[in-house]
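# Residue-level structure breakdown
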Amino acid sequence: MAWFRAAASGLARAAVRKNLARASYSTRRTWTAPSYGRAFHSTVRKSQAQVAPVPHPVPLSRLTDSFLNGTSSVYLEELQRAWEADPSSVDESWDNFFRNFVGQAATSPGISGQTIQESMRLLLLVRAYQVNGHMKAKLDPLGLEEREIPVDLDPALYGFTDADLDREFFLGVWRMAGFLSENRPVLTLRTILNKLERAYCGTIGYEYMHIANRDQCNWLRDKIETVNPRGYSQQRREVILDRLIWSTEFENFLATKWTAAKRFGLEGGETLIPGMKEMFDRSADLGVESIVIGMSHRGRLNVLGNVVRKPLRQIFSEFSGGTKPVDEVGLYTGTGDVKYHLGTSYDRPTRGGKRIHLSLVANPSHLEAVDPVVLGKTRAKQYYSNDVDRTKNMGVLIHGDGSFAGQGVVYETLHLSALPNYSTGGTIHIVVNNQVAFTTDPRSGRSSQYCTDVAKALNAPIFHVNGDDVEAVVHVFELAAEWRQTFHSDVVVDYVCYRRFGHNEIDEPSFTQPKMYQ
């Protein structure tokens, strides 16, 4: 109690007490010592001559002051005393809370000493993981990134010690999604911390607490705070492995056959290909019929060959100086541009038995110039196909980490996303974050923690994922597709990988990044 009253301001306490005592009544309270199994216990004796009116509690849904704020502690104590005297005197939502809290405390000896303050402090700890758990996530495949872990992820900040790890705690009934809500059984503090670590501090880091929409946050909590979010079957794992092998061997073949050719390969980020394939399969299952893709040169040949299914013989012919295959007159014509700027289209069968049209837009200019072109083409497809709900045609943009943070056209395109005459129903942004923009380290190239921070202006969720964990990559890419089809707004995947060779295969990267390439 001292912890909360120290945090509460005198002005707030006076206002709460004034509100409770608005109706004058003659009531005499006699305090008794707290009994075993009760956080607070008191008896209320009413005058026989006059029955005192009780205060009218505010329902949980209409409580303007945050329940997690220390200034609410006095109000809660008064409310619990009123509930103990007469449960019908409080709103149904508060009745449910106290019934679960006190009832569980009385029946479980492990939580007999739990107080409302401890419950509130535990909720603050859970919220700290939801807000800042990504800062502790293992995102760098090379393990070179040094990040300071926020102090609010330390249970000691909230008054918990090692002696509390095996105590059981009950959090009550809350209108929040996830594994810590909706009448979940009591859990030990150690179990709660382990669940939070697995959900928010593994190889995926989630940023979504900046989103103001409560339904969207709860939807994400349902997806994140689950027992086994990535429970793939053996058959599914074999499909993912097969797609990863195609991606890896494609780069190996080009590196062996054309050793001195520029190709801006995907080495270090090969899991991008199975991730994209699974994302397109999931999108098709959710009703998408056509996807327009825009990207820069990094990994473009691999996407062309393995995702959009441009004939490999055509790609190899371009390495040897060819411009047009003999047996496919008119299908591919010589444009005079380099092979890693060209585009194509294809009707691709999906794992679920459907077909989806993929169109990779040519990008003869540099990096992000193609972004508004992709959105314009997607909008046009929606218009001419009468896709009023914007669920059948979708845009996917693949960015670089340096260009996403540094080029103005990215921010300008992001702000077109919700305009009535420009919206495409949400775009999936994939940032191939190889941690080297051109030859610049992130700490010298931007001021923000992440290259994706510019997307927070749109209240877009951001999923950071370690590119070396292929199952985590697949999970995040599928989650992005589900978000887009559910809420019809932008979503960002920060795909953290590395660049095994230089900016291109002819560069010597050890001059500019000696530690990384060592």
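My aim in this report is to walk through the structure given alongside it, one point at a time. This one's a predicted model, so the numbers in the text were calculated from it and none came from an experiment.

Moving on, we come to the overall build of the chain. For the chain, the helix and strand inventory stands at 17 helices and twelve strands. A burial count over the chain gives 51% of its 518 residues as buried. Considering only residue pairs separated by 6 or more positions, the chain has 73% of its internal contacts joining residues 24 or more positions apart. For the chain, the computed accessible surface area is about 24100 Å², with 52% contributed by carbon and sulfur atoms.

Now for the pairing of strand β12 (residues 491-496). Of all six residues making up β12, six are buried, and the element is well covered by its neighbours. Along β12, one buried face is formed by Val491, Val493 and Tyr495 and the opposite face, lined by Val492, Asp494 and Val496, is buried too. With six bridges joining them, strand β10 (residues 427-433) and β12 adopt parallel strand pairing. Bridge assignment links Asn433 to a residue of β12, and that residue is Val496. Bridging between strand β11 (residues 462-466) and β12 involves five bridges; their strand directions are parallel. Bridged to Asn466 within β12 is Val496. Where the polypeptide runs from β11 across helix α16 (residues 470-487) and back to β12, its parallel neighbour, the crossover connection is right-handed.

In space, the eight strands of this open sheet follow the order β5-β11-β12-β10-β9-β6-β8-β7, with mixed pairing throughout. A strand with exactly one partner marks an edge of an open sheet, and here the two such strands are β5 (204-207) and β7 (344-349). When the angles between neighbouring strand axes are averaged without regard to direction, this sheet yields 20°. Here β5 runs beside β11; their pairing, made up of four bridges, is antiparallel. Directly across from Tyr206, in β11, lies its bridge partner Phe463.

Our next topic: the pairing of β11. Buried residues dominate β11, accounting for five of its five residues. Here β11 shows a buried face lined by Ile462, His464 and Asn466 and a second buried face lined by Phe463 and Val465.

Along the chain, Arg236 turns up in helix α8 (residues 234-257). In contact with Arg236, not counting residues within four places along its chain, are Glu278, Arg351, Val474 and Glu478.

This part covers α16. Turn by turn, an α-helix covers 3.6 residues, leaving residues three or four places apart pointing in a common direction. Taking 1.5 Å per residue, 18 residues should reach 26 Å; α16 reaches 26 Å between its end C-alpha atoms and fits that length. Across the 18 residues of α16, 15 count as buried, placing the element largely inside the fold. Positioned one or two residues after α16, His488 has a phi angle of 55°, which is positive.

Right, let's talk about the environment of Leu375 for a bit. Secondary-structure assignment places Leu375 in helix α12 (residues 371-384). Counting along the chain gives 22 residues from Leu375 to Leu397, while the straight-line C-alpha distance between them is 9.1 Å. Beyond its immediate stretch of four places on either side in the chain, Leu375 contacts Thr413, Thr424 and Thr427.

As for its position among the elements, Asp371 is in helix α12. No salt bridge is formed by the buried Asp371; the nearest opposite charge belongs to Arg300, separated by 9.4 Å.

Quick look at the packing of α8 against helix α11 (residues 312-319) now. Close contact between α8 and α11 brings their axes to 12 Å; oriented N to C, the two are set at 25°. When the interaxial angle is binned, α8 and α11 end up roughly parallel. By crossing handedness, the relation of α8 to α11 is classed as right-handed. Contacts between α8 and α11 involve Trp246, Phe250, Phe253 and Leu254 on the former and, on the latter, Leu312, Ile315, Phe316 and Phe319. Taken together, the residues of the contact of α8 with α11 sort by class into eight nonpolar, no polar and no charged.

With that settled, the discussion passes to the pattern of salt bridges. Tallied over the full model, the rule gives 17 salt bridges. Residues Asp166 and Arg190 are paired through a salt bridge, measuring 3.1 Å at the closest nitrogen-oxygen approach. One end of the pair, Asp166, is in the loop between α5 (116-132) and β3 (168-169); the other, Arg190, is in helix α6 (residues 189-200), with 24 residues separating them in the sequence. Between Arg243 and Asp281 there is a salt bridge whose closest N-O contact spans 2.9 Å. With a gap of 38 residues between them, Arg243 in helix α8 and Asp281 in helix α9 (residues 272-285) connect regions that are remote in the sequence. With relative accessibility at 10%, the residue Arg243 sits in the buried group. With relative accessibility at 1%, the residue Asp281 sits in the buried group. Look at the salt bridges and you will find they share partners, linking Arg236, Arg243, Glu278, Asp281, Arg348, Arg351 and Glu478 into a network.

As a further point, take α5. In this model, α5 (17 residues) spans 24 Å end to end at C-alpha, consistent with the 24 Å of a helix rising 1.5 Å per residue. Here α5 lies mainly inside the structure; 14 of its 17 residues are buried.

On to the packing of aromatic side chains, then. Under the counting rule described, the total for this entry stands at ten aromatic pairs. Summarising the aromatic geometry, the rings of Trp219 and Trp483 are spaced 5.9 Å apart at their centres and angled 65° between planes, so their arrangement reads as edge-to-face. Of the two residues, Trp219 is situated in helix α7 (residues 214-224) and Trp483 in helix α16; the sequence distance between them amounts to 264 residues. For Trp483, a relative accessible area of 0% corresponds to the buried category. Seen from their ring centres, Tyr383 and Tyr384 are 5.0 Å apart, and the 85° between their planes marks the pair as edge-to-face. Each member of the pair, Tyr383 as well as Tyr384, is classed as exposed. Aromatic ring contacts, followed pair by pair, group Tyr200, Tyr206, Tyr208 and Phe463 into a single cluster. For Arg121, the ring lying beneath its charged end belongs to Phe160, and the centroid distance is 5.5 Å.

In this structure, Arg355 sits in strand β8 (residues 355-360). Note on Arg355: relative accessible area 54%, which makes it exposed. Arg355 sits 74 residues away from Asp281 along the chain, and the two C-alpha atoms are 9.0 Å apart. With sequence-adjacent residues up to four places away left out, Arg355 is seen in contact with Asp347, Arg348 and Pro349. Within the local environment of Arg355, its side chain forms a polar contact with the backbone oxygen of Asp347, the two atoms lying 2.9 Å apart.

About the thresholds
- Residues numbered from 1 in each chain as written.
- Predicted model: local features only at pLDDT ≥ 70, side-chain atom pairs only at ≥ 80, totals over all residues.
- Heavy atoms only, no water.
- Helix = DSSP H or I, 4+ residues; strand = E, 2+ residues; numbered from the N terminus.
- Buried < 20%, exposed > 50% of the residue type's maximum accessible area, 1.4 Å probe, protein only.
- Contact = heavy atoms within 4.5 Å.
- Areas by Shrake-Rupley, 256 points an atom, 1.4 Å probe, with all protein chains shown as cover.
- Pairing = 2+ DSSP bridges.
- Right-handed = clockwise from strand over helix to strand, strands pointing away.
- Axes fitted to C-alpha atoms, helices over the stretch in contact; angles between N-to-C directions.
- Expected span 1.5 Å × (residues − 1).
- Lys, Arg positive; Asp, Glu negative; His and termini not counted.
- Salt bridge = Lys/Arg side-chain N within 4 Å of Asp/Glu carboxyl O.
- Parallel < 35°, antiparallel > 145°, perpendicular 65-115°, else oblique.
- Left-handed = near helix turned anticlockwise from the far one by under 90°.
- Nonpolar A, V, L, I, M, F, W, Y, C, P; charged D, E, K, R; others polar.
- Phe/Tyr/Trp six-rings, centres within 6.5 Å; stacked < 30°, edge-to-face > 60°.
- Lys NZ or Arg CZ within 6 Å of the ring centre and 35° of its normal.
- Polar contact = N/O pair within 3.5 Å; in protein donor to acceptor, adjacent residues only side chain to side chain.

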